[in-house]
Amino acid sequence: MKKIVLFLCFFIFGCTVAPFVVSPIVTGVVMWKQGEAKKYYNDESKIIYRATKHALDDLGHKIINDEETKDGFYLVSGDKDKFKIRIRTVRPKITEVSIRINLMGDKPYAELIYSHIDANTNTIYFDDKGKPVKLPVKLTDLPWY
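Parameters and conventions
- Residues numbered from 1 in each chain as written.
- Predicted model: local features only at pLDDT ≥ 70, side-chain atom pairs only at ≥ 80, totals over all residues.
- Heavy atoms only, no water.
- Helix = DSSP H or I, 4+ residues; strand = E, 2+ residues; numbered from the N terminus.
- Polar contact = N/O pair within 3.5 Å; in protein donor to acceptor, adjacent residues only side chain to side chain.
- Salt bridge = Lys/Arg side-chain N within 4 Å of Asp/Glu carboxyl O.
- Buried < 20%, exposed > 50% of the residue type's maximum accessible area, 1.4 Å probe, protein only.
- Pairing = 2+ DSSP bridges.
- Core = buried A, V, L, I, M, F, W, Y, C linked by side-chain atoms within 4.5 Å.
- Contact = heavy atoms within 4.5 Å.
- Expected span 1.5 Å × (residues − 1).
- Arc of directions from axis to C-beta.
- Phe/Tyr/Trp six-rings, centres within 6.5 Å; stacked < 30°, edge-to-face > 60°.

A. Structural context of the environment of lysine 39. Looking at the secondary structure, you find lysine 39 in strand β3 (residues 36–41). Sequence separation of lysine 39 and valine 97 is 58 residues, and the distance between their C-alpha atoms is 5.4 Å. Engagement of the side chain of lysine 39 in a polar contact is seen with the side chain of aspartate 118, the distance being 2.8 Å.

Below is the structure:
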């Protein structure tokens, strides 16, 4: 029945209905739905939270709002563009990171942020004495950066 309805929609309305019928679109590991990108990580939410903060710092974005929610974290970042990042624990050791940029979303920019989160996921920063550095810290404050 669904195939018949889908065929009739394409037959009657053409390709103008396609974005609404084919949503969500999955590209690789990033899921894009209604202007929001989602990606799942096989790590604890605190690890992904730390990596996200370092990724935003790497990209030079100022964090405007940083709060802990009942199931994860919520970050708002950016000056010219607004980045709303929700880090949510789905199951133990499975974390969902959803990014919305401005009102409509910006898929390439969201994928850039995800690539920086990926690079910072397994990174631990140390000070001069060899002790791990806790958040919040700016990478530019570290002596070797």
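B. Quick peek at the pattern of salt bridges. According to the stated counting rule, one finds six salt bridges in the structure shown. A salt bridge links lysine 39 to aspartate 118; its shortest N-O distance comes to 2.8 Å. Placement of the pair is lysine 39 in strand β3 and aspartate 118 in helix α4 (residues 107–120), with a sequence separation of 79 residues. Classification of aspartate 118 as partly exposed rests on a relative accessible area of 35%. When the shortest N-O distance is used, the salt bridge between glutamate 96 and arginine 88 registers 3.0 Å.

C. Representation of the pairing of strand β7 (residues 94–101) within the structure. The element β7 is extensively covered by neighbouring structure, given that six of its eight residues are classed as buried. Alignment of strand β6 (residues 83–91) against β7, held across eight bridges, turns out to be antiparallel. Residue isoleucine 87 lies in a different strand from β7, and its bridge partner there is valine 97. Counting the residues in the hairpin turn of β6 and β7 gives two residues, including lysine 93, whose phi is positive at 65 degrees.

D. How the structure looks around the nonpolar core. The biggest cluster of nonpolar side chains holds 20 residues, and the ones touching the most others in it are Ile85, Ile87, Val97, Ile99, Tyr114 and Ile117. Among the elements of the structure, β3, α3 (45–58), β5 (72–77), β6, β7 and α4 are those that each provide at least two residues to this core. The biggest single contributor to this core is α3, with five residues. If we skip the residues at most four places from it in the chain, tyrosine 114 touches Val30, Ala37, Lys38, Lys39, Tyr41, Val97, Ser98 and Ile99.

E. Highlighting α4. Here α4 contains 14 residues, and its C-alpha end-to-end distance of 20 Å stays within 8% of the 20 Å for a straight helix at 1.5 Å per residue. Those residues of α4 lying buried are Ala110, Ile113, Tyr114, Ile117 and Asn120. Axial view of α4: buried residues confined to an arc of 125 degrees, hence all on one face. Facing away from the buried surface of α4 by more than 90 degrees, the exposed residues are Pro108 and Ala119.

F. Representation of the packing of aromatic side chains in the model. A complete count under the given rule lists two aromatic pairs for this structure. When the ring of tyrosine 49 is compared with that of phenylalanine 73, the centres are 4.0 Å apart and the planes differ by 15 degrees; the resulting orientation is stacked. Here tyrosine 49, found in helix α3, pairs with phenylalanine 73, found in strand β5; they are 24 residues apart in sequence, far enough to count as distant. For the pair shown, tyrosine 49 and phenylalanine 73 are each scored as buried. Between phenylalanine 83 and tyrosine 109, the ring centres sit 5.1 Å apart and the planes meet at 85 degrees, which makes this aromatic pair edge-to-face. With phenylalanine 83 in strand β6 and tyrosine 109 in helix α4, this residue pair connects regions lying 26 residues apart in the sequence. Judged by its relative accessible area of 1%, phenylalanine 83 is buried.

G. α3, seen in detail. With 14 residues, α3 extends 20 Å between its outermost C-alpha atoms, agreeing within 8% with the 20 Å of an ideal straight helix rising 1.5 Å per residue. Among all positions of α3, only Ser45, Ile48, Tyr49, Ala51, Thr52, Lys53, His54, Ala55 and Leu56 are buried. Those residues of α3 that are buried lie in contact with β3, β4 (63–68), β5, β6, β7 and α4. Glycine 60 sits one or two residues past α3 and shows a positive phi near 80 degrees.

Function cannot be read off these values alone, since they describe shape.
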